[in-house]
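The residues making up each chain are set out below.
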Amino acid sequence: MKKAFKVFVCLAVLFGSSAAVFAQPSSKSVETFVIDNFDNAGNQDYAYEGKSLNWEWGVNASRFIAEGFPKTGYFDGIPNSLKQLRRGDAGDSKVFGVKTAFNRKGDNWFEVFPTNDGNPYEIPMVGTVSQIDFWVWGANYLYYLEVLVRDANGRVHVLPAGNLAFQGWKNVTVSIPGWMVQHSLLRSGSRSLTLVGFRIRTDAEEFVDDFVIYFDQIKYTTNSLAVIYDGYELRDADFGDDTDEVED
C-alpha cells in the first residue's frame, strides 16, 4: 500500500512539473534581431510589439569639431564575411559612414545615434538582451568605441567596445551585464532595454584632422520570451481611462 502511494506521489509530481513547463514559455528561447543593415535608409521596417519602427542616423560632436564636420553618408559596401550570408545581390548593400576632423588633439568625441523627425530616438529591443554586435570599419587610429544603452529605470550605461586601432572591417560583440535592469517592475515603466547610440573618443595623443568610420549590420541576441506570460495580451487592456483629461 505504501509503495503504491509513493508511486502515485511521484507521478503527481512528474505531471505537475510537466504542466508547469508547458504553461510557461521557454527560458532559453534565444533569437537574433537585426536592428539595421543600412541598406534601406529611413525604412528599416523594424518590428517591435506589433509596430513597424523606422529612423535615420545623426551625429553630434564635441566643441573642437572643425567647421563643416562631422559629415555622414551611405556608401556601397559590405564586410566580406557578410557577403556569403546576404541573399540576392550583395552589390546593393550599403554601409553608414562618418568623417570627422577636430581643430586640436585632446579629449574629443562624437556620437552616432538614431533620430526620428530630427530628434534623438532610442531603439527598443525585444526580450532580455544578452549581447549586441555589429561591424565597424577602423582607420587604424587609436580612438575608443563605446555603446550607449538605457535600462528600464532610465539610466544610460556606457559599455566599452574596444578601440579602433585596426584597418578595415571588424565584428564587435558587447555583452549586456546580467545585473542591468531591462524590464521595469512598474506597469507604466519601460518594458525594454533601448539602444541610445555609439560614442567614439579620441586618444589624447592621436591625430584628429582626418578620421573615417563605417558601420554595418547592427544586431542583438536576446531571450525573446523572457517577459511573455499567459495572459500577456491583457496588460494593455483599455479600461476607458486612457485620456489626458480627467472629467469632474
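In this report, the structure presented in the accompanying data block is examined. (Residues numbered from 1 in each chain as written. Predicted model: local features only at pLDDT ≥ 70, side-chain atom pairs only at ≥ 80, totals over all residues. Heavy atoms only, no water.)

Attention now moves to the overall build of the protein chain. Helices and strands together make up the secondary structure of the protein chain, namely two helices and 15 strands. Out of the 248 residues in the protein chain, the part that is buried amounts to 40%. Of the contacts made within the protein chain by residues no fewer than 6 positions apart, 75% connect residues no fewer than 24 positions apart. (Helix = DSSP H or I, 4+ residues; strand = E, 2+ residues; numbered from the N terminus. Buried < 20%, exposed > 50% of the residue type's maximum accessible area, 1.4 Å probe, protein only. Contact = heavy atoms within 4.5 Å.)

Let us look at the pairing of strand 15 (residues 211-223). Of all 13 residues that make up strand 15, 12 are buried, and the element is covered over most of its length. Relative to strand 15, strand 1 (residues 30-36) runs antiparallel, the two being bridged by six bridges. Opposite Glu 31, over in strand 15, you have Thr 222 as the bridge partner. Here strand 6 (residues 94-100) pairs with strand 15 via five bridges, running antiparallel. Directly across from Lys 99, in strand 15, lies its bridge partner Val 212. The pairing of strand 10 (residues 128-139) with strand 15 spans eight bridges and is classified as antiparallel. Paired with Trp 135 across the two strands is Asp 216, which belongs to strand 15. (Pairing = 2+ DSSP bridges.)

With that settled, consider the packing of aromatic side chains. A complete count under the given rule lists 15 aromatic pairs for this structure. Seen in terms of ring centroids, Phe 134 and Phe 198 are 5.0 Å apart; in terms of plane orientation they differ by 70°. Their pairing is edge-to-face. Within this pair, whereas Phe 134 is found in strand 10, its partner Phe 198 is found in strand 14 (residues 194-202), the two being separated by 64 residues in sequence. Owing to a relative accessible area of 1%, Phe 198 belongs among the buried residues under this scheme. When the ring of Trp 137 is compared with that of Tyr 214, the centres are 5.2 Å apart and the planes differ by 85°; the resulting orientation is edge-to-face. On the criterion of sequence distance, the pair formed by Trp 137 in strand 10 and Tyr 214 in strand 15 is long-range, its members being 77 residues apart. Ring pairs connect the aromatic residues Phe 38, Trp 57, Tyr 74 and Phe 96, which therefore count as one cluster. (Phe/Tyr/Trp six-rings, centres within 6.5 Å; stacked < 30°, edge-to-face > 60°.)

Our next topic: the nonpolar core. In terms of nonpolar packing, the biggest core is built from 44 residues, with Tyr 46, Phe 134, Val 147, Ile 200 and Phe 215 touching the most fellow members. Sort the elements by how many residues they give to this core and strand 15 lands first, with five residues. Beyond its immediate sequence surroundings of up to four residues, Phe 134 is in contact with Leu 145, Val 147, Ala 161, Lys 170, Asn 171, Val 172, Val 174, Phe 198, Phe 215, Asp 216, Gln 217 and Ile 218. (Core = buried A, V, L, I, M, F, W, Y, C linked by side-chain atoms within 4.5 Å.)

Another point: the pattern of salt bridges. Opposite charge on two side chains permits pairing when their charged atoms draw close. If you walk through the whole model with that rule in mind, you get eight salt bridges. Of the charged contacts, one joins Arg 201 and Asp 107 as a salt bridge, the two residues approaching to 3.2 Å between their closest N and O atoms. Of this pair, Arg 201 sits in strand 14 while Asp 107 is found in the loop between strand 6 and strand 7 (109-116), placing the two residues 94 residues apart along the sequence. Under the relative-accessibility criterion, Arg 201 is labelled partly exposed at 23%. Here Asp 107 falls in the exposed class, since its relative accessible area comes to 57%. For Asp 133, the salt bridge goes to Lys 219, with nearest N and O atoms at 2.7 Å. Taken together, the residues span a long stretch of sequence, with Asp 133 in strand 10 and Lys 219 in strand 15 at a distance of 86 residues. According to the relative accessible area criterion, Lys 219 is buried, its value standing at 16%. A cluster of three or more residues bridged by salt bridges with shared partners is formed by Asp 107, Glu 111, Glu 146, Arg 199 and Arg 201. (Salt bridge = Lys/Arg side-chain N within 4 Å of Asp/Glu carboxyl O.)

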